[in-house]
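Letter by letter, the chains look like this.
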Amino acid sequence: MERWPSILSLILPFVALGAGSAFAAEGGGTAREGAGFFGRETRRFGITYTNFSGDKDESLSGGSGFGLEAGITRGNRFVQFIGKIRLDYSAGNVEFADGSSKTKLDYKLLGTAGALGLRLTPITSSDPAGFAIYFGAVGTFGIEQLTLPDRTYTSLKRNQTSTATGYDLLAGIDFGAFSSGKRLYLEAALRTARGDFGGKSSFQLDGLVLQGGLAW
């Protein structure tokens, strides 16, 4: 039961932003257009799949996870600033180093993170129902909780919560799919992130992140 307060602290920021975004968009409609550089605003919500990579016993290489992500972009047709918040969950069996020994252990990882960055959209269809291709990069900051089996360890800890910082390099495409102006998007990102887990001060949370969802 001791882990529930920390788990709730991970989830609440995501819920708060999602509720705020839903409230702001309650009036319906398409992406908002206005004057000036920040005249174009788009919100989105999607589902993510992460395939972890990295050095054995210093990462979750071989594991995978799922998540939810909400985001807002603001700018013009070609350049946009990005703000995101996400919730991640992963469970699997990977190799950890415990002191001088290495062993495979079941694990659970729950985390939330925020991201800020820049996106470029060099290819945009003139047709509102057409497609747009974009590229970008964001810096990330989050809180992650790693849980291992209940046993005696040398350097590992059964429950550990740590901050994790890093960046994502991303590319994606969105396209019109609904008469209301709402759009579908697909995105791939190479994630690099580090946290204090598994007896390592720079434990790797790297991976390939695939995402899809709805933009409006």
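A brief report on the enclosed structure follows. (Residues numbered from 1 in each chain as written. Predicted model: local features only at pLDDT ≥ 70, side-chain atom pairs only at ≥ 80, totals over all residues. Heavy atoms only, no water.)

Considerations on the pairing of strand E5 (residues 101-124)
With 20 bridges connecting them, strand E4 (residues 79-98) and E5 associate as antiparallel partners. The residue bridging Phe81 from the neighbouring strand is Leu118, located in E5. Between E4 and E5, which follow one another and run antiparallel, lie two residues, and Gly99 among them has a positive phi close to 70 degrees. Judged from the 15 bridges that link them, E5 and strand E6 (residues 131-147) form a sheet pairing that is antiparallel. Pairing of Gly114 across the sheet is with Phe141, part of E6. (Pairing = 2+ DSSP bridges. Helix = DSSP H or I, 4+ residues; strand = E, 2+ residues; numbered from the N terminus.)

Let's talk about the packing of aromatic side chains
As enumerated under the stated definition, the model contains three aromatic pairs in all. Each ring, one from Phe96 and one from Phe203, has its centre 6.2 Å from the other, and the planes form 5 degrees; the classification is stacked. Separated by 107 residues along the polypeptide, Phe96 in strand E4 and Phe203 in strand E9 (residues 200-204) bring together distant segments of the chain. Judged by relative accessible area, Phe203 falls into the buried class, the value being 1%. (Phe/Tyr/Trp six-rings, centres within 6.5 Å; stacked < 30°, edge-to-face > 60°. Buried < 20%, exposed > 50% of the residue type's maximum accessible area, 1.4 Å probe, protein only.)

Observations regarding the pairing of E4
Bridge count between strand E3 (residues 64-75) and E4: 11 bridges; the pairing is antiparallel. In the sheet register, Gly65 faces E4, and the bridge partner there is Ser90. Adjacent in sequence and paired antiparallel, E3 and E4 are bridged by three residues.

Thoughts on the environment of Gly199
Looking at the element boundaries, Gly199 is found in the loop between strand E8 (183-197) and E9. Residues Gly199 and Ser155 lie 44 residues apart in sequence; the distance between their C-alpha atoms is 5.5 Å. Setting aside anything within four residues of it in sequence, one finds Gly199 in contact with Ser155 and Leu156. (Contact = heavy atoms within 4.5 Å.)

Some points on the pattern of salt bridges
Under the defined criterion, the tally for this structure stands at 12 salt bridges. One salt bridge connects Lys84 with Glu187, and the closest N-O pair in it is separated by 3.2 Å. Remark: Glu187 occurs in strand E8 and Lys84 occurs in strand E4; sequence separation between them is 103 residues. Note on Lys84: relative accessible area 9%, which makes it buried. Taken together, the shared-partner salt bridges connect Arg44, Glu69, Lys84 and Glu187 into one network. (Salt bridge = Lys/Arg side-chain N within 4 Å of Asp/Glu carboxyl O.)

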